[in-house]
Amino acid sequence: NVNNALLLDAAASQFIALRPNNGTEAMRITSDGDIGIGTSSPGDILDLKASDPHLAMIDSSDSDKKWRVGVANNQFRIQEDGVATPFKIYESSVDNSLVIDGDGNVGIGTSSPSNTLHTYANVSSEYAALIENDQATSGHGLQVHSDGNGSGTILFDVDAAGSSRFRVKGDG
């Protein structure tokens, strides 16, 4: 006891383990300072090992709203507790499957999105994008909206090999 603090010391190159369940190890701190919960061999600053590992963050200023970050069903998830998952990345996702850069631009298939939404694909005999609405009686497919209505406003542009093939301008 030094200044009313609890100190746990281990010999050089040894670890500290917490075993609350009749000797079953629940947490380990390695001599490198790595912490393992559910594992006795952490390889990072914090390793969580469980069948459904997640971290919970609770906002005490907002009725204790809880957000979880973790893995479920082989999917990385960020979700508000008790709410359908708003964001997930599947196991074995390809590089750059989803990127949100510092400007808020979203890239799908690209690590450097140049617009608010930038998708990239290099596929053969497949479409690079699909917009699908299965509503049979009053479903809509795609709306392009702009407040611009002058000849300099381009609402829709179909480009092939760097050349515009079909263009709809704001003035019609």
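As shown above, the structure is provided for reference.
Here goes a summary of the coordinates provided.

### Structural notes on the sheet that holds strand β10 (residues 106–108)
Read from one edge of the open sheet, three strands run β9-β10-β11, paired in mixed fashion. Edge positions in the sheet fall to β9 (99–100) and β11 (117–119), since each has one partner strand and no second. As paired strands, β9 and β10 are joined by two bridges and run antiparallel to one another. Its bridge partner lying in β10, V99 is registered against G107.

### A closer look at the pairing of strand β5 (residues 54–59)
Note: β5 against strand β6 (residues 65–72), six bridges, orientation antiparallel. Of the residues in β6, the one forming a bridge with A56 is R68.

### Structural notes on the packing of aromatic side chains
Applying the stated criterion across every chain, the model contains one aromatic pair. Here F156 and F166 contribute two aromatic rings whose centre-to-centre distance is 6.3 Å and whose plane-to-plane angle is 70°, an arrangement assigned as edge-to-face. Remark: F166 occurs in strand β13 (residues 163–169) and F156 occurs in strand β12 (residues 154–160); sequence separation between them is ten residues. F166 sits in the partly exposed class, given a relative accessible area of 46%. R28 extends its terminal NZ or CZ atom over the ring of F15, reaching a point 3.4 Å from the ring centre.

About the thresholds
- Residues numbered from 1 in each chain as written.
- Predicted model: local features only at pLDDT ≥ 70, side-chain atom pairs only at ≥ 80, totals over all residues.
- Heavy atoms only, no water.
- Pairing = 2+ DSSP bridges.
- Helix = DSSP H or I, 4+ residues; strand = E, 2+ residues; numbered from the N terminus.
- Phe/Tyr/Trp six-rings, centres within 6.5 Å; stacked < 30°, edge-to-face > 60°.
- Buried < 20%, exposed > 50% of the residue type's maximum accessible area, 1.4 Å probe, protein only.
- Lys NZ or Arg CZ within 6 Å of the ring centre and 35° of its normal.

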